[in-house]
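A structural walkthrough
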Amino acid sequence: MKKWSLLTLVGADQTAIVAAVTRVLAEADCELGETSMMRMGGSFAMMLRVRHENQDLAALLKDVCDRLSLHLHIDDDVDSSNAAIEPDVNITVYGADRSGIVAEVTSKLADAGLNIIDLETALAGTKDKPIYIMTIEGQARQGVDALTKAAESISDGVELNIIPIQTLRA
Amino acid sequence: MAVLEIIHYPDDRLKQASDTVTLFDQSLKDFLVDLEETRLSGPGAVGIAAPQVGVAKRIAIVDLTELKKPVDNHGHLLMINPEITQWQGMEKGREGCLSVPDFTGNVIRAEKITIRFQNSEAQWAEFETRGYEARAIQHEIDHLDGMLFLDRLVSRRADLFQRKVYKK
């Protein structure tokens, strides 16, 4: 009986990390599901859902992790469903950088029914005037109007754009 | 009348360009009825193109009249030999496809287009449309050219501040 595990690997960024890790998995007949991998600062972070015959993934990946100095974390996936949840709202947030923007925005939007599916943030601008940028895709479980209303109470200096996603099916 | 079988990628027929329709006869009208019935049998599809039922002809249907959130539209469109003659602007939106089950992704489309096409009597119509209807038409015409929305996927990072501003 095959099962799904969620692997998280993080290490200093270098060329061909993805190739090295996925090669080992492929040669051991592990199948990949959803993955998300990106450079973050000077690190490279990978999250992979892997379907396999109850193998010892830590042992399997030990050599490649040692060679590339990657930290590995394994979660046995409790939810084996592969179905993606559809976002129905896209939110962009930006403003002069200060501490607490993400906490404030996500708390207020969560209270108004936002279920975050995907969130990314970046730091940009100049050194003396840094700005913070966040993009969110999610589900507005109490409707988009509830999010728009909640956004009114977010502090000045943080710009929010809340745009419904109307997925075209054709 | 019949519901036709929707073919799914990686069926090669979805990647082939379709032929111009030259014969405007009863069999074309019968096919349009079947194609519409097939569209309506699917889960909320606003459009369908002949290649999605394995027919390599330049025929598509777009209908935005029944959306839960209403959008501007030109009614129920049966389009034969459709062509886009002008494009303007760019806009990101999320799309899915009857021929690619269980996946939706972000695609950039022209915001405003001019479209011309024939009806089942071979008469030409031409108009300008924008937004959601323009997106649906571009999605369907891509099918006639052997293109899928998968050929046009963009990452979220690619267009961080692309904003949709509708002004009437």
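All chains use their own residue numbering, which begins from 1 and follows the written sequence. Ligands are numbered from 1 and chains lettered from A, in the order in which they are written. The predicted nature of this model means local features are confined to residues of pLDDT at least 70 and side-chain atom pairs, given and counted, to a pLDDT of 80 or more, with totals for whole chains, interfaces and linings taken over all residues. Working from all heavy atoms in the structure, the side-chain values ignore hydrogens and water.

1. Focus: the domain arrangement of chain A
Here chain A is partitioned into domain 1 (3-76) and domain 2 (89-164). Delimitation of the domains relies on an automatic or database domain assignment. Each of domain 1 of chain A and domain 2 of chain A has a C-alpha centre, and the two are 31 Å apart.

2. What to know about the packing of aromatic side chains
The geometry of an aromatic ring pair is captured by the separation of the ring centres together with the interplanar angle, meaning the angle of the planes. Side-chain rings of Phe, Tyr and Trp (the six-membered ring for Trp) are treated as a pair once their centres are within 6.5 Å; stacked means planes under 30 degrees apart, edge-to-face means over 60, and tilted covers the remaining angles. Taken as a whole and judged by the stated rule, the model has 2 aromatic pairs over all chains. Both rings, one in F117(B) and one in F127(B), keep their centres 5.9 Å apart while their planes meet at 85 degrees; by these two values the pair is edge-to-face. With F117(B) in strand β6 (residues 112-118) and F127(B) in strand β7 (residues 124-130), this pair connects stretches of sequence that are 10 residues apart. Each member of the pair, F117(B) together with F127(B), is buried. The ring of W4(A) carries the charged tip of R49(A) above its face, separated from the ring centre by 4.4 Å. Either the NZ atom of lysine or the CZ atom of arginine qualifies as a charge over a ring when it sits within 6 Å of the ring centre and within 35 degrees of the ring normal. The ring of W124(B) carries the charged tip of R116(B) above its face, separated from the ring centre by 3.9 Å. The helix count covers DSSP runs of H or I at least four residues long, the strand count covers runs of E at least two residues long, and both are numbered beginning at the N terminus. Three exposure classes are used, based on accessible area relative to the maximum for each residue type with a 1.4 Å probe and protein chains only: buried under 20%, partly exposed in between, and exposed over 50%.

3. Here's the deal with the sheet that holds strand β3 (residues 43-52) of chain A
All names here are of chain A. Spatial ordering of the open sheet is given by β2-β3-β1-β4, a layout of 4 strands whose pairing is antiparallel. Looking at the sheet topology across the chains shown, the edges are occupied by β2 (31-40) and β4 (71-76). Between one strand axis and the next, the sheet turns through 15 degrees on average, direction left out of account. By the convention used here, residues are in contact when the closest approach between their heavy atoms is within 4.5 Å. Working convention: axes come from line fits to C-alpha atoms, limited for helices to the stretch in contact. Angles between N-to-C directions cover 0 to 180 degrees. Those strands touched by helix α1 (residues 17-27) are β1 (3-12), β2 and β3, and its axis lies near 15 degrees from that of β3. In short, DSSP must find at least two bridges between two strands for them to pair.

4. What about the sheet that holds strand β2 (residues 59-62) of chain B?
Residue and element names in this part refer to chain B. An order of β1-β2-β3-β6-β7 is seen for the 5 strands of this open sheet, with the pairing classed as antiparallel. Each end of this open sheet is capped by a strand with a single partner; those strands are β1 (47-49) and β7. Each adjacent strand pair in this sheet contributes to an overall mean axis angle of 35 degrees, direction not counted. Pairing of β6 with β7, which is carried by 7 bridges, proceeds in the antiparallel orientation. From the neighbouring strand, K112 faces β7, where its bridge partner is R130. The strands that helix α1 (residues 26-41) touches are β1, β2 and β3 (77-88); relative to β2, the one it contacts most, it runs at about 45 degrees. Its contacts with the sheet put helix α2 (residues 131-144) on β1, β2, β3, β6 and β7, and the angle it makes with β3 is roughly 110 degrees.

5. Description of the nonpolar core
One finds V62(B), L77(B), M79(B), I115(B) and I137(B) to be the most contacted residues of the largest nonpolar core, which totals 22 residues. Elements with a contribution of two residues or more to this core: β2, β3, β6 and α2 of chain B. The dominant element in this core, judged by the number of residues it contributes, is α2(B), at 6 residues. Here L77(B) is in contact with A60(B), I61(B), V62(B), F117(B), F127(B), E133(B) and I137(B), once residues within four sequence places are set aside. Of all hydrophobic cores here, the second largest spans 20 residues; its members include I101(A), Y132(A), L147(A) and I154(A). Residues belong to a common nonpolar core when they are buried Ala, Val, Leu, Ile, Met, Phe, Trp, Tyr or Cys residues joined through side-chain atoms within 4.5 Å.

6. Here we look at helix α2 (residues 57-68) of chain A
Residues and elements named next belong to chain A. To estimate how far a helix should extend, the number of its residues minus one is multiplied by 1.5 Å. The end-to-end C-alpha separation of α2 is 16 Å, in line with the 16 Å expected for 12 residues at 1.5 Å each. On its buried side, α2 packs onto β1, α1, β3 and β4. Whenever a nitrogen or oxygen atom comes within 3.5 Å of another N or O atom, the pair is scored as a polar contact, on the condition that within protein one atom can donate a hydrogen and the other can accept it, and that pairs from neighbouring residues in sequence are kept only if both atoms are in side chains. One side-chain oxygen of the residue at the start of α2 lies 3.3 Å from the amide nitrogen of A58, identifying that residue as D56.

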